[in-house]
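Residue strings, one per chain:
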Amino acid sequence: MSFPVLEAISIFWVASAIGGWVLLWLLLAAVAGVMLIRVERVAWGARLLFSVQSGTNPLAAMFASGRILLAGGLLVFPGFISDAIALGLLLAPGTWRRRKPDPLRPANDDAAAYPREGTENVTPKTIDGEFKREPDDRLR
């Protein structure tokens, strides 16, 4: 049997068990899939940029974005088997992981101003000061 035939059989089997709620489930799954695709279409570039900036492997970011896009496509496809596969892809470890902080190149050097447990208060590396804006004609 092919995958669409299995999906149709599963839809009819679940519809006989729970009735018309199947249509609501399929509609909500399709809307969720479209929303996942739309959000990830915008976010994949930032995810790739952040992975390059933090020094991690950019292929891992592309793989995570690909899993989210594939899960969105499977949610749009009507059926419970594809929804279960999409849920498995979304819940797979590493899909939603935040990027790890790089201890050699911190994104915010004021983070040391807030002491952690067991450490002493360290002054931040950023120096606050005042500046004066010079007119543009004096800069030439």
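Details of the structure are given in the entry above.
Residues numbered from 1 in each chain as written. Predicted model: local features only at pLDDT ≥ 70, side-chain atom pairs only at ≥ 80, totals over all residues. Heavy atoms only, no water.

Trainee: So what exactly am I meant to see when it comes to the pattern of salt bridges here?
Mentor: Pairing between side chains of opposite charge can happen when their charged atoms approach one another. Here the structure, examined in full by the defined rule, presents one salt bridge. For glutamate 40, the salt bridge goes to arginine 47, with nearest N and O atoms at 3.3 Å. Accessibility expressed as a relative area gives 3% for glutamate 40, which makes it buried. (Salt bridge = Lys/Arg side-chain N within 4 Å of Asp/Glu carboxyl O. Buried < 20%, exposed > 50% of the residue type's maximum accessible area, 1.4 Å probe, protein only.)

Trainee: Looking at this structure, how should I read the packing of aromatic side chains?
Mentor: Two descriptors summarise a pair of aromatic rings, namely the distance from one centre to the other and the angle between the planes of the rings. Within the structure shown, the criterion is met by two aromatic pairs. Plain terms: the ring middles of phenylalanine 3 and phenylalanine 77 are 5.8 Å apart, the flat faces sit at 25° to each other, and that makes the pair stacked. You can see phenylalanine 3 sitting in helix α1 (residues 3–18) and its partner phenylalanine 77 sitting in the loop between α3 (58–76) and α4 (80–91), a full 74 residues away along the chain. Accessibility expressed as a relative area gives 33% for phenylalanine 3, which makes it partly exposed. Given the relative accessible area of 31%, phenylalanine 77 is considered partly exposed. (Phe/Tyr/Trp six-rings, centres within 6.5 Å; stacked < 30°, edge-to-face > 60°. Helix = DSSP H or I, 4+ residues; strand = E, 2+ residues; numbered from the N terminus.)

Trainee: Where do I start with the environment of alanine 29 in this structure?
Mentor: Looking at the element boundaries, alanine 29 is found in helix α2 (residues 21–54). A sequence separation of 43 residues divides alanine 29 from glycine 72, and the C-alpha atoms of the two residues are 9.0 Å apart. Sequence-distant contacts of alanine 29, defined by excluding residues within four places in its chain, comprise Leu75, Val76 and Asp83. (Contact = heavy atoms within 4.5 Å.)

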